[in-house]
Amino acid sequence: MAAAITWSSASGALCRELLLTLMLLTLACDACEKFTLHVPSKLDAEKFIGRVNLKECFNSANLIHSSDPDFRILDDGSVYTTRAILLSSEKRSFTIFLSNAENQEKKIVVVLEHQTKALKKRHSKEKVLRRAKRRWAPIPCSVQENSLGPFPLFLQQIQSDTAQNYTVYYSIRGPGVDREPTNLFYVERDTGNLYCTRPVDREQYESFELIAFATTPDGYTPEIPLTLVIKIEDENDNYPIFTETIYTLTVVENCRVGSTVGQVCATDKDEPDTMHTRLKYSIIEQIPASPTLFSMHPSTGVITTTSFQLDRELIDRYQLKIKVQDMNGQYFGLQTTSTCIINIEDVNDNLPTFTHTSYVTSVEENIIDVEILRVTVEDKDLINTANWRASYTIFKGNENGNFKIVTDPKTNEGVLCVVKALNYEERQQVVLQIDVVNEAPYSQEATALRSATSTATVTINVENQDEGPECSPLVQIVRIKENAPEGTQINGYKAYIPETGSSSGIRYKKLNDPKGWVSVDENSGSITIFRSLDREAEAIRNGIYNVTILASDKDGRSCTGILGIILEDVNDNGPFIPKQTVIICKTTMSSAKIVAVDPDEPIHGPPFDFTLDSASDSNLQIMWELKKINDTAARLFYQNDFPFGLYKVPIRVTDRQGQSKVTLVDVVLCDCVTESDCTDYRSPQTGNRQVKLGTWAILAILLGIALLFGILFALVCGASGTGRQQKAFPDDLAQQNLIVSNTEAPGDDKVYAANEFTSHTVGSSAQAVCGTMGSGVKTGGQETIEMVKGGQQTLESCRGAGHQHTLESCKGGGHHTLDSCRGGQVDADNCRYTYSEWHSFTQPRLGEKVQMCNQNDDHKPVQEYVRTYSYEGKGSVAGSVGCCSERQEDDGLEFLDHLEPKFRTLAETCIKR
């Protein structure tokens, strides 16, 4: 058992040693030779820095990966930078990982070392390699385009001086080697000879930029990669080509010499700015050949005219055969031809001319809108253009406007028509002069050489027609006075036969007589008045009465005319006043304007004379007065303070010939501001009343009725709620004070009577009524008088006794009950009355007080008295202070005696001692 364990332990140790050895061998096999590349400290992006021999390390590798993303590894082992790199340290390393399809992996460590450091280190150890001059530099190289070989064609040799000490392998990369076109160039690895394998087209590849490398077998790069430019030398292998196969140009006829027709252009693919692309233009042939009219600039290809004999009417198109040649036109240069067609554009250089200079035609009289003649012209300009289309005018002979001429757009002929009837009796022949021009204006050259118009004469014979009677003039005028008696006969309408000029045989008939005032004699056409004429009738315009007359011959041919009867005015109408109702607002006006008119002529009209017709009423002169304003108007004034109402005033207006007429004018005296405010017409003399109620007036009446019912309802409710105790005033009420109370909360300003009070009917001696009366104040929209403490009022001695109190109305008729005031303690609010009731009660009594205030104790006038002022609106809430106030002996004004002298004047003004 122990032996087994010992073997087992020995065998386990052996296995561990074998595994360790296998791992070391595997690691040794995976790691390839390390490569060192000498690079500058600053590397640009996509910069080739060296090549690593990948085949020697792992021949079957198909996947290459770099551990550093700043470097990219190609399949041939070339190392490129992916971005610009600045080596901050002396060395930088990265690992290249290689693997195949069987997941076998190997790696190569690449070390980047500063080139200057490496060279110093190498030169310090190997002094024999030091040289002062090197040949590793770009060598000019070129290849002839389309070279015939033989291929491969030797170009040059790339050689490095380091080949004296090392085995150097040469290689190249770039377009034409490993990029399109691939395999065009190659270099021998050992000799550095550079070859071209086939011909090259310069128009496809102008040059190639290759990169040459010199490396040692161990991967060391003793030289910086060399940029080698191979230029392709151009060969004149491309023909110049015109940009268009056929050029089409246009030039106007009769243009000046040297006018530009157009330009042609050609291109050449050979190398620019060389003889291969220096082109020369020329004209080979012109069709038709004679005369030579065009030339071409050899360098620019601009075609110009060499003659002014371009005439479209002779030749309207030219064809040129043109040529372009490179090598500046030398005989050995390549050349190409093309065609240029030049069209001659038409100008209006040919005038239209009549084919005949005179024409004769005829037309019957009294016909219109008929074609009588066509005239033709010739024009050599381009057909159906403005240079060819004719425009005809009648230059002479059409003063009456009987004819017009238009152009037929299809044939270009002039069509002569009659647009106004001709009269054989007036003219038997008409001669017209017709001119023709083109629609387009003439060119300057053509106008200078020949006349601008062509003229033809047209003779028109007018043929006679038997057209019957003629009413000419259409309107004939006769005169008659408007007061001509019935049966008066005057001349009528006259028609005549055009051929004879006579009126015999013509019958007349009245077609239209608006008022039926006249009759027409059938044979003579004379007019007879059989009804009274009136110049001022409604159907008369400007004093002319028109009657339509029909004149006819024996064959039934007729014409129609108008007989205008001028009614001569006579003074048969008196002036009258059209506005028979006038309004005078007494508050703003004192008179009304009266305007009169007269339908007669002005000679029988103004100036007018206005007077009052007092024959019917002798008081008119006392009541009214007329003052003339101008020839047709006067102003009516009222002379006394009449009551409002309607008055009828007769006014007589007389014209300058003495013809007069009386107009009864309704004059309304109204309490208004403007005439539109006056709606109530009332006659104080007759009692008649004209009432015009509008919507607002009806609403005001309804509102007043509702307010009246409200007041009555309030009085009834107040009387029923009054206590049985009689009202009385306190004993300490020594005098009356009227103050304003705007109480908004109940209970604060209420005063109760402290003693018994007895009221009596107005008219007998009595004590104060219901205590002290306050000033009128609006509370809730109604003016009231409040009873307040501070005085006692004695109105008048009252007769009789009782508990009901009535006040006599100042406006007469009826009694107004104020309050029952039936004794006892009473609230002062129950003694508030409306302003109208208070005014009716106090107005006559205050008048007595004012009269008394105007006198002293001896009933003589005093200096201080109450003056009457105009009403200026609602009164102030403050009470007035005047002589009516009862002055007391102890009025508290003693301090005025001790004022300083400056206040003496003010004191004397305020109180009279």
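Throughout, a residue's number is its position along its own chain's written sequence, starting from 1. Residues qualify for local features only when their pLDDT is at least 70, as the model is predicted, and side-chain atom pairs are given and counted only at 80 or more; totals for whole chains, interfaces and linings, by contrast, use all residues. Only hydrogens and water are set aside when side-chain values are computed; all heavy atoms of the structure are taken into account.

1. A closer look at the overall build of the chain
Inference 1: For the chain, the count of helices and strands is 8 helices and 54 strands.
Inference 2: When a residue's accessible area, from a 1.4 Å probe over protein chains only, is under 20% of the maximum for its type it is buried; when over 50% it is exposed; and in between it is partly exposed. By residue count, 37% of the 913 residues in the chain fall in the buried class.
Inference 3: Two residues qualify as a contact provided that any one of their heavy atoms is within 4.5 Å of a heavy atom in the partner residue. The long-range share in the chain, meaning contacts at least 24 apart out of those at least 6 apart in sequence, stands at 66%.
Inference 4: Carbon and sulfur atoms make up 52% of the accessible area of the chain, which totals about 54,600 Å². Secondary structure is summarised from DSSP: a helix means a run of H or I of at least four residues, a strand means a run of E of at least two, and numbering begins at the N terminus for each. Each accessible area value is a Shrake-Rupley result obtained with a 1.4 Å probe; residue values ignore everything except the protein chains displayed when judging cover.

2. Some thoughts on the sheet that holds strand β46 (residues 633-638)
Inference 1: Strand pairing requires that DSSP identify at least two bridges connecting the strands. Taken in spatial order, the 3 strands make up an open sheet running β43-β46-β45, and their pairing is antiparallel. Among the strands making up the open sheet, the edge pair consists of β43 (591-595) and β45 (624-628). Taken pair by pair, the neighbouring strands of this sheet meet at an average axis angle of 25°, ignoring direction.
Inference 2: As paired elements, β45 and β46 share 5 bridges and run antiparallel to each other. From the neighbouring strand, lysine 628 faces β46, where its bridge partner is alanine 634. With axes taken as lines fitted to C-alpha atoms, and helix axes fitted only over the stretch in contact, angles between N-to-C directions fall between 0 and 180 degrees.

3. Some words on the pattern of salt bridges
Inference 1: Each reported salt bridge corresponds to a side-chain nitrogen of Lys or Arg within 4 Å of a carboxyl oxygen of Asp or Glu. Scanning the entire structure with this criterion turns up 21 salt bridges.
Inference 2: The partner of arginine 83 in a salt bridge is aspartate 70, and the shortest N-O contact between them spans 2.8 Å. Taken together, the positions of arginine 83 in the loop between β6 (78-81) and β7 (85-86) and aspartate 70 in the loop between β4 (63-66) and β5 (71-73) put the pair 13 residues apart, joining distant regions of the chain.
Inference 3: By relative accessible area, which is 9% here, aspartate 70 ends up buried.

4. Some thoughts on the packing of aromatic side chains
The geometry of an aromatic ring pair comes down to the distance between the two centres and the angle between the two planes.
Inference 1: Between rings of Phe, Tyr and Trp, where Trp is taken as its six-membered ring, a pair exists when centres lie within 6.5 Å; planes separated by under 30 degrees are stacked, by over 60 edge-to-face, and by other angles tilted. What the rule picks out here adds up to 15 aromatic pairs.
Inference 2: An angle of 65° between the planes, with centres 3.6 Å apart, marks the rings of phenylalanine 48 and phenylalanine 213 as edge-to-face. You can see phenylalanine 48 sitting in strand β3 (residues 48-51) and its partner phenylalanine 213 sitting in strand β15 (residues 207-215), a full 165 residues away along the chain. This pair shows no difference in class: phenylalanine 48 is buried, exactly as phenylalanine 213 is.
Inference 3: Relative to phenylalanine 94, the ring of phenylalanine 71 has its centre 4.6 Å away and its plane inclined at 10°; by these criteria the two rings are stacked. Residue phenylalanine 71 is found in strand β5, and its partner phenylalanine 94 is found in strand β8 (residues 91-99); the two are separated by 23 residues along the sequence.
Inference 4: Residue phenylalanine 71 is classed as buried on the basis of its relative accessible area, which comes to 3%.
Inference 5: Owing to a relative accessible area of 3%, phenylalanine 94 belongs among the buried residues under this scheme.
Inference 6: Cluster of aromatic residues (ring-pair linked, three or more members): Phe48, Tyr80 and Phe213.
Inference 7: Whether a charge sits over a ring depends on NZ of Lys or CZ of Arg being within 6 Å of the ring centre and within 35 degrees of the ring normal. Sitting over the ring of tyrosine 169, arginine 189 keeps its end group 3.9 Å from the ring centre.

5. Re unusual backbone geometry
Inference 1: Cis geometry marks the peptide bond from phenylalanine 151 to proline 152, where omega comes out at -5°.
Inference 2: Structurally, the position occupied by proline 152 is in the loop between β10 (141-144) and β11 (153-157).
Inference 3: For the peptide bond that leads from isoleucine 287 to proline 288, omega is -5°, which places it in the cis range.
Inference 4: Residue position: proline 288 is located in the loop between β21 (280-287) and β22 (294-296).
Inference 5: Backbone geometry at asparagine 146 places phi at a positive 60°, although glycine is not the residue there.
Inference 6: Relative to the helices and strands, asparagine 146 is located in the loop between β10 and β11.
Inference 7: By relative accessible area, asparagine 146 is classed as partly exposed at 29%.
Inference 8: Even without being glycine, asparagine 328 reaches a positive phi, approximately 60°.
Inference 9: Relative to the elements of secondary structure, asparagine 328 occurs in the loop between β24 (317-325) and β25 (335-345).

6. Overview of the side chain of threonine 221
Inference 1: Inspection of the secondary structure assignment puts threonine 221 in the loop between β15 and β16 (226-233).
Inference 2: Not counting chain neighbours up to four residues away, the residues in contact with threonine 221 comprise Ala214 and Thr215.

7. Focus: the side chain of aspartate 598
Inference 1: Topologically, aspartate 598 is positioned in the loop between β43 and β44 (609-612).
Inference 2: In summary, the charge assignment counts Lys and Arg as positive and Asp and Glu as negative, without counting His or the chain termini. As a buried residue without a salt bridge, aspartate 598 has its nearest oppositely charged side chain in arginine 656, at a separation of 8.4 Å.
Inference 3: Apart from the residues within four sequence positions on either side, aspartate 598 is in contact with Asn573, Gly574, Pro575, His604, Gly605, Phe608 and Asp655.

8. Quick word on the state of the cysteines
Inference 1: The criterion for a disulfide is a pair of cysteine sulfur atoms lying within 2.5 Å. Summed over the entire model, instances satisfying the criterion amount to 3 disulfides.
Inference 2: The disulfide partner of cysteine 471 is cysteine 559, and the gap between their sulfur atoms is 2.0 Å. Between cysteine 471 and cysteine 559, the S-S dihedral sits near 75°, and the bridge is therefore right-handed. One end of the pair, cysteine 471, is in the loop between β34 (454-463) and β35 (475-481); the other, cysteine 559, is in strand β41 (residues 558-568), and 88 residues separate them in sequence.

9. Focus on the confidence of the model for the chain
Inference 1: A residue's pLDDT is the predictor's confidence in that residue, given on a scale from 0 to 100. Here the chain shows a mean pLDDT of 75. Residues at 70 or above account for 70%.
Inference 2: Predicted confidence for residues 1-15 stays below pLDDT 50, and this span has 0 contacts to residues more than four positions away or in other chains.
Inference 3: In this model residues 19-29 is a low-confidence stretch, pLDDT under 50, and it forms 1 contact with partners more than four residues away in sequence or in other chains.

10. Quick notes on a nonpolar patch on the surface
Inference 1: On the surface, Trp696, Ile698, Leu699, Ile701, Leu702, Ile705 and Phe709 cluster together to form a nonpolar patch covering roughly 780 Å² of accessible area.
Inference 2: Mapped onto the fold, isoleucine 701 is located in helix α6 (residues 695-720).
Inference 3: Classification of isoleucine 701 as partly exposed rests on a relative accessible area of 42%. Put simply, a patch holds well-exposed residues, over 30% relative accessible area, that have no salt bridge, with like charges counted together within 9 Å and Val, Leu, Ile, Met, Phe, Trp or Tyr side chains within 5 Å.

11. Some thoughts on the nonpolar core
Inference 1: To form a nonpolar core, buried Ala, Val, Leu, Ile, Met, Phe, Trp, Tyr and Cys residues must be joined to one another through side-chain atoms within 4.5 Å. Residues Ile480, Trp517, Ile565 and Leu567 are the most contacted members of the largest nonpolar core, which totals 26 residues.
Inference 2: Listed by contribution, the elements that provide at least two residues to this core are β35, β38 (518-520), β39 (527-529), β40 (544-552) and β41.
Inference 3: Among residues more than four places away in sequence, those in contact with leucine 567 are Ile480, Glu482, Trp517, Leu533, Asp534, Arg535, Ile540, Gly543 and Tyr545.
Inference 4: Ile594, Leu626, Phe642 and Val667 belong to the second-largest nonpolar core, a separate cluster that totals 24 residues.

12. A word on the pairing of strand β1 (residues 35-39)
Inference 1: Counting buried positions along β1 gives 4 out of 5 residues, so the element sits mostly inside the fold.
Inference 2: Relative to strand β9 (residues 105-114), β1 is paired through 5 bridges, and the arrangement is parallel. Directly across from phenylalanine 35, in β9, lies its bridge partner valine 110.

13. Some points on the sheet that holds strand β13 (residues 185-187)
Inference 1: With antiparallel pairing, the 3 strands of this open sheet are ordered in space as β11-β14-β13. Edge strands, defined here as strands with exactly one partner in the open sheet, are β11 and β13. Each strand axis lies, on average, 25° off the axis of its neighbour in the sheet, ignoring direction.
Inference 2: Sheet topology note: the β13/strand β14 (residues 193-196) ladder contains 3 bridges and is antiparallel. Opposite phenylalanine 185, over in β14, you have cysteine 196 as the bridge partner.

14. Structural notes on the pairing of β6
Inference 1: Residue alternation in β6 divides its side chains into two sets, Ser78 and Tyr80 and Val79 and Thr81, and both sets are buried.
Inference 2: Inspection of the sheet shows β3 paired to β6 by 3 bridges, in the antiparallel sense. Bridged to phenylalanine 48 within β6 is tyrosine 80.
Inference 3: Taking the residues between adjacent antiparallel strands as the criterion, β5 and β6 are bridged by 4 residues, where glycine 77 takes a positive phi near 95°.

15. Digging into the environment of isoleucine 303
Inference 1: Within the secondary structure, isoleucine 303 sits in strand β23 (residues 302-305).
Inference 2: Judged by relative accessible area, isoleucine 303 falls into the buried class, the value being 0%.
Inference 3: For the pair isoleucine 303 and glycine 258, spaced 45 residues apart in sequence, the C-alpha to C-alpha distance is 9.1 Å.
Inference 4: Look past the residues within four positions of isoleucine 303 in its chain and what remains in contact with it is Leu249, Ser259, Thr260, Val261, Gly262, Val264, Phe294, Ser295, Met296, Leu320, Cys340 and Ile342.

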